[in-house]
Amino acid sequence: MVRFILKRIFFETIPSLIVIATITFFLIRLAPGGPFSTEKSISPEVLTQLNAFYGLDKHLFTQYLTYMARIITFDFGPSFKYPGRTVTELIAESFPVSLELGVYALCIAIVSGILAGLIAASKPSSLRDYLTMSISMGGICIPTFVMGPLLVLLFSLILGWFPVSGWNTFSNRILPSITLGMVYIAYIARLTRGGLLDTMVQDYIRTARAKGLPERLILIRHALRGALLPVLSFLGPAAAGLITGSFVVETIFSIPGLGRFFVAAAFNRDYTMIMGTVVFYAFIMISFNTIVDVLTALVNPRLRSSLR
Amino acid sequence: MKYFCIFYMTAAAIILLAISSCKNQRRDTIVSLGTKNGVLYFGNQTEPEDLDPHIVTGVPEFHILQSLFEGLVTPDPRDLHPLPGAAHSWDISEDNLVYTFHLRSEATWSNGEMVKASDFVFSFQRILSPRLGSEYAYMLYCIDNAEKYHKGALKDFARVGARAKDDTTLIIRLGSPTPYFMSLIMHDSWYPVHPPTILKFGNIDSRGTRWTRPENFTGNGAFKLADWQINKIINVVKRADYWDAQNVKLNGINFYPIENNQTEERMFRNDELHVTTNLPLQKIDWYKNNAPHLLHIDPYLGTYYYICNINRPPLNNKKLRKALALAIDRKSLTDDILKGGQIPAGSFTPPNTAGYLFDPVVTFDTIEARKILSETGFKSGDSLPPISVLYNTSESHHIIAQAIQQMWKRYLGINVTLVNQEWKVYLASKTKKEYDIARMGWIGDYNDPNSFLDLWLTGGGNNNTGWSSPTYDSLVKQASKSADQVERFRLFSQAESIFLDELPAIPIYFYTNVYLLKPSVKGWYSNILNMHNYKHLYLE
């Protein structure tokens, strides 16, 4: 397994990150406008000084080499938008918030999605099945920028149960986590239901039934384990997506996470911040996929040989 | 079936519980607690870029800085006239070139040290240091030799007109009379910084050092920086050792960076904020009809306008620009579309800017507009070369552009296309003059017509129209140096007449500041610069 992980790191992760960093570096320089263009024009003297301070006066290829040498030591440089902060510092301060939000959302999505899948699969093509899947599909159909304000309207403004926004107490975390998690409930529910329906026709389930085991026990103890394999494969990108794709939810609920920096950096042409967040998110994505590959192989004996 | 029942019964229970407890039974809201504790909850738009007064340029930063620093003078909250600040008095020489400020001996930095005249000189040297790359250094160009020093033509700062005679006497010598000087020095670029703190974390011209962190921060304002969590909160607390502490009624201010104005409005509605920075366009009517006591619409020192690229046909035709300007129904635009109390702009300088009044000359007159269009040589609107209107992505810019597009089509038969670009792309297009007509907005840096009319000087960095008039340049330069206010306004008026006759930019409306404010906030007055010195505020 160690060999498998090392192979993934040296032959997939690092080359991928280098390619991503290189493409991003040159792509952002192609975008019109620069980090210092503002509505009120900057004098040429000031612009010269700013370019010199951030090394933008050097040849583009020299800048690229300097930057690549820097990120090896996890130094993403100073932010253009926030001159008193380094990109590494901004990521370190805001990523734990996005991570926490993503973990809560993932837990909600897993628990609700699997439960909904179980309910639906326990009696396929029945009213129960259709109703459960229809409700969970709502999470996909209603975008987060609609779902978030709706939840706020009901639970904050009408009922007064939760604050409208912020990230101070546990009550602040509930509505954003539900909003973000709901998108994935339907995916997980559908995968669980599909997996269960496939598993329930297997011979070993028939054997269990023949032994006289109760249907509930068959469903949970015997069928669910096998049915969760597709869910597990989905969880890698889903977890990475939840952690990195929370921009809308962070904006609606005014949450100090990394998602806001990720998007704002592009609008601000904050070159170093764009590079830092892209490389960091790419690293997260690749890592989660690797973890899921390992877990899937551990759960599924037929895939264990791939770990060698 | 059992799971099915559990699932739906839980959902039903939540809904029932929700309905049954619909009445909000909370006793203390965040705002009521804040009011009780003397803490103001302030919606502040975005995360500040920094808290260094010599680096930052934005309004959200200014909201925070004015609590942490105090300039030589501070604005009166009602009419913005200069009140004593770090200086208790000042003398002006007869030739209006030398200003002598007498500093308070009791004024201290937040670390207890005295605020000295030399601290101000150090601060002026810092912002003018070329290597610092301060975008607002030009605000100090009125000081003798300051521009030369900033542009590197002068190396010795001793030759710049700022000198500390002793600890409490600061002498500023101007290059030429600057009648708006006392208004200018209220700007945050004139705030002093604490020299030992700056030098502890870098050189005088070091950019982006750690001195602005709460644990390192030193300011001379009524409040000190207690907490700064990125994208979450900036908390300032009252300084017990501030020279005028007995008159500061607030115990603290929490600034929240809330980028989404819908979220900000919801927070206000949920009693989580005392004051917002904005109000979404679509909520204005609701507040007007249902809660007018919470809605505030104040005049603001800014003009919204369209610039014309006069290097490009057909906008190089003055008559066409005039016809377009006359065919905009500004009143309908402000009353029926924007609804935020904006004032239709018949001139470029906002009315009553430091007492300057200019009769509106750009009116809505479709008959005159059609007549002028017929004189342009174009037989009809259809025979014109294609014209596009460029604006940056924003709901309000889009609505305004659509309305004006319809007006020009209806009244002049001119078809224009709308081009929407992302902010930085739009800025690049504007700077490279790759546009026909582009939307613009200008907020005055200080309360004087010069802040608006010097925009259009030949070669000015913000004059992206290609327009140039030596007579206009001469009038504005004369006015900016004249000490006689009546004479200045006469010169500005002549210059503005030339500008409005040529119309390289078509004024559309004057800004207002539309926001929500809880009645518990007292001492808050409407003023044209939206400056609210927190030491005059209280909560009850």
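Residues numbered from 1 in each chain as written. Chains lettered and ligands numbered in written order. Predicted model: local features only at pLDDT ≥ 70, side-chain atom pairs only at ≥ 80, totals over all residues. Heavy atoms only, no water.

## A few points about the overall build of chain A
The secondary structure content of chain A amounts to 13 helices and zero strands. The order of helices and strands in chain A, counted from the N terminus, is α-α-α-α-α-α-α-α-α-α-α-α-α. Counting every position in chain A, which comprises 308 residues, the buried fraction comes to 49%. Taking all contacts inside chain A whose residues are at least 6 apart in sequence as the whole, residues at least 24 apart take part in 71%. Side-chain charges of chain A comprise 25 positive and 15 negative groups, with the mean position of each set lying 12 Å from the other. (Helix = DSSP H or I, 4+ residues; strand = E, 2+ residues; numbered from the N terminus. Buried < 20%, exposed > 50% of the residue type's maximum accessible area, 1.4 Å probe, protein only. Contact = heavy atoms within 4.5 Å. Lys, Arg positive; Asp, Glu negative; His and termini not counted. Charge placed at Lys NZ, Arg CZ, Asp CG, Glu CD.)

## Concerning the overall build of chain B
When its secondary structure is counted, chain B shows 17 helices and 18 strands. The globule rule puts the C-alpha radius of gyration for 540 residues at 24 Å, and the 26 Å found for chain B is close to it. Across its three principal axes, chain B shows a C-alpha extent of roughly 90 × 75 × 35 Å. Intrachain contacts of chain B at a sequence separation of at least 6 include 69% that bridge at least 24 residues. Put simply, chain B shows about 21000 Å² of open surface, and 52% of that area lies on carbon and sulfur atoms. Averaging the locations of the 55 positively and 56 negatively charged side chains of chain B gives two centres separated by 4 Å. (Rg over C-alpha atoms; globule rule 2.2 N^0.38 Å. Areas by Shrake-Rupley, 256 points an atom, 1.4 Å probe, with all protein chains shown as cover.)

## Notes on the packing of aromatic side chains
The description of two aromatic rings rests on the distance between their centres and on the angle between their planes. Residue and element names in this part refer to chain A. With the rule as written, the count across this model stands at 58 aromatic pairs over all chains. Here phenylalanine 26 and tyrosine 64 contribute two aromatic rings whose centre-to-centre distance is 5.1 Å and whose plane-to-plane angle is 40°, an arrangement assigned as tilted. Here the residue phenylalanine 26 occupies a position in helix α1 (residues 2–30), and tyrosine 64 occupies one in helix α3 (residues 60–72), the gap between them amounting to 38 residues. Overall, the relative accessible area of 28% leaves phenylalanine 26 in the partly exposed class. Overall, tyrosine 64 belongs to the buried group, its relative accessible area being 11%. (Phe/Tyr/Trp six-rings, centres within 6.5 Å; stacked < 30°, edge-to-face > 60°.)

## A look at the interface of chain B and chain A
Opposite the 60 residues of chain B that make contact, chain A presents 58 residues. Taking both partners together, chain B and chain A bury about 5300 Å²; carbon and sulfur atoms supply 57% of that area. Counting every contact that joins chain B to chain A gives six salt bridges. Lysine 40 of chain A is the salt-bridge partner of aspartate 445 of chain B, the closest N and O atoms lying 2.5 Å from each other. At the boundary of chain B and chain A, one finds 17 residue pairs in polar contact (both at pLDDT 80 or more). Secondary-structure elements contributing two or more residues to the side of chain B that touches chain A are α1 (2–20), β8 (223–229), α8 (261–269), α14 (423–431) and β15 (437–443) of chain B. With seven residues, α14 of chain B is the single largest residue contributor to the side of chain B that touches chain A. (Buried area = accessible area lost by both parts, 1.4 Å probe. Salt bridge = Lys/Arg side-chain N within 4 Å of Asp/Glu carboxyl O. Polar contact = N/O pair within 3.5 Å; in protein donor to acceptor, adjacent residues only side chain to side chain.)

## A look at helix α12 (residues 366–374) of chain B
All names here are of chain B. Within the sequence span of α12, burial applies to Thr366, Ala369, Ile372 and Leu373. Seen end-on, α12 carries its buried residues on one side only, within an arc spanning 125°. With a side-chain oxygen lying 3.3 Å from the backbone nitrogen of isoleucine 367, the N-terminal cap of α12 falls on aspartate 365. (Arc of directions from axis to C-beta.)

## Considering helix α10 (residues 318–326) of chain B
Residues spaced three or four apart along an α-helix point in a common direction, a consequence of the helix completing one turn every 3.6 residues. By the burial criterion, the buried members of α10 of chain B are Leu320, Arg321, Ala323, Leu324, Ala325 and Leu326 of chain B. Between the side-chain oxygen of the N-cap and the backbone nitrogen of lysine 319 of chain B there are 2.9 Å, and the N-cap of α10 of chain B in question is asparagine 317 of chain B.

## Things to note about the pattern of salt bridges
Under the counting rule described, the total for this entry stands at 35 salt bridges over all chains. Of the charged contacts, one joins glutamate 39 of chain A and arginine 439 of chain B as a salt bridge, the two residues approaching to 3.2 Å between their closest N and O atoms. Here glutamate 39 of chain A is found in the loop between α1 and α2 (44–53), whereas its partner arginine 439 of chain B is found in strand β15 on a different chain. On the accessibility criterion, arginine 439 of chain B (3% relative accessible area) is buried. Residues joined by salt bridges that share partners form a network here, namely Arg85, Glu89 and Glu93 of chain A together with Arg213 of chain B.

## Focus: the sheet that holds strand β1 (residues 39–43) of chain B
All names here are of chain B. If you walk across this open sheet you meet the four strands as β1-β10-β9-β8, and the pairing is mixed. Edge positions in the sheet fall to β1 and β8, since each has one partner strand and no second. Strand-to-strand twist in this sheet, taken as the mean axis angle between neighbours without regard to direction, amounts to 20°. Direction of pairing for β1 relative to strand β10 (residues 252–256): parallel, over a ladder of five bridges. Looking across to β10, one finds that tyrosine 41 is bridged to asparagine 254. (Pairing = 2+ DSSP bridges. Axes fitted to C-alpha atoms, helices over the stretch in contact; angles between N-to-C directions.)

## Considering the pairing of β10 of chain B
Residue and element names in this part refer to chain B. The buried fraction of β10 is high, at five of five residues. The two faces of β10 match: Gly252, Asn254 and Tyr256 on one face and Ile253 and Phe255 on the other face are all buried. Direction of pairing for strand β9 (residues 233–238) relative to β10: antiparallel, over a ladder of four bridges. Within the sheet, the bridge partner assigned to valine 237 lies in β10 and is glycine 252.

## Observations regarding the confidence of the model for chain B
Considering every residue of chain B, the mean pLDDT works out to 91; 94% of them sit at 70 or more. We note a pTM of 0.88 for the whole complex and an ipTM of 0.85 for its interfaces. (pLDDT = per-residue confidence, 0-100.)

## Focus on the side chain of asparagine 145 of chain B
All names here are of chain B. With respect to the helices, strands and loops of the structure, asparagine 145 is situated in the loop between α4 (117–128) and α5 (146–150). What makes asparagine 145 buried here is its relative accessible area of 18%. The contact partners of asparagine 145, leaving out residues within four places of it in the chain, are Leu154, Arg159 and Val160.

## With respect to the environment of histidine 194 of chain B
Residue and element names in this part refer to chain B. Among the secondary structure elements, histidine 194 is positioned in the loop between α6 (181–184) and α7 (195–200). Measuring from C-alpha to C-alpha, the distance between histidine 194 and lysine 232 comes to 27 Å, with 38 residues separating the pair along the chain. The contact partners of histidine 194, leaving out residues within four places of it in the chain, are Trp109, Asn111, Glu113 and Thr218. Within polar-contact distance, the side chain of histidine 194 engages the side chain of threonine 197 at 2.5 Å.

## So, unusual backbone geometry
Residue and element names in this part refer to chain B. Residue proline 314 is reached from proline 313 by a cis peptide bond, and omega for that bond is 5°. Notably, asparagine 352 is not glycine yet its phi reads approximately 65°, a positive angle. You can see asparagine 352 is positioned in the loop between β12 (343–344) and α12. Of the residues examined, asparagine 352 reaches a relative accessible area of 48% and is grouped as partly exposed. Although it is not a glycine, leucine 503 adopts a positive phi angle of roughly 50°. Here leucine 503 lies in the loop between α17 (485–502) and β16 (505–516).

## Observations concerning the packing of helix α6 (residues 144–158) of chain A against helix α7 (residues 170–199) of chain A
Residue and element names in this part refer to chain A. Interhelical geometry of α6 versus α7 gives an angle of 145° and a closest axis separation of 10 Å. The way α6 lies across α7 gives a crossing that is right-handed. For the pair α6 and α7, contact is made by Thr144, Met147, Gly148, Leu151, Val152, Phe155 and Ser156 and by Leu175, Ile178, Thr179, Met182 and Val183, respectively. In the contact of α6 with α7, the residues fall into eight nonpolar, four polar and no charged. (Left-handed = near helix turned anticlockwise from the far one by under 90°. Nonpolar A, V, L, I, M, F, W, Y, C, P; charged D, E, K, R; others polar.)

## Concerning the nonpolar core
Counting 189 residues, the largest nonpolar core has Phe101, Trp190, Tyr306 and Trp408 of chain B as its most contacted members. Among the elements that take part in this core, helix α13 (residues 271–299) of chain A stands out by supplying eleven residues, more than any other. In terms of nonpolar packing, the next biggest core, distinct from the first, is built from 48 residues, Ile114, Leu159, Trp167 and Ala239 of chain A among them. (Core = buried A, V, L, I, M, F, W, Y, C linked by side-chain atoms within 4.5 Å.)

## What about the packing of helix α9 (residues 215–227) of chain A against helix α10 (residues 229–244) of chain A?
All names here are of chain A. Interaxial distance between α9 and α10 falls to 5 Å at its minimum, and their mutual angle equals 40°. Our classification of the angle between α9 and α10 gives oblique. Here Arg225, Gly226 and Ala227 of α9 lie close against α10, whose contacting residues are Leu229, Pro230 and Val231. Here the contact of α9 with α10 is built from residues that sort into four nonpolar, one polar and one charged. (Parallel < 35°, antiparallel > 145°, perpendicular 65-115°, else oblique.)

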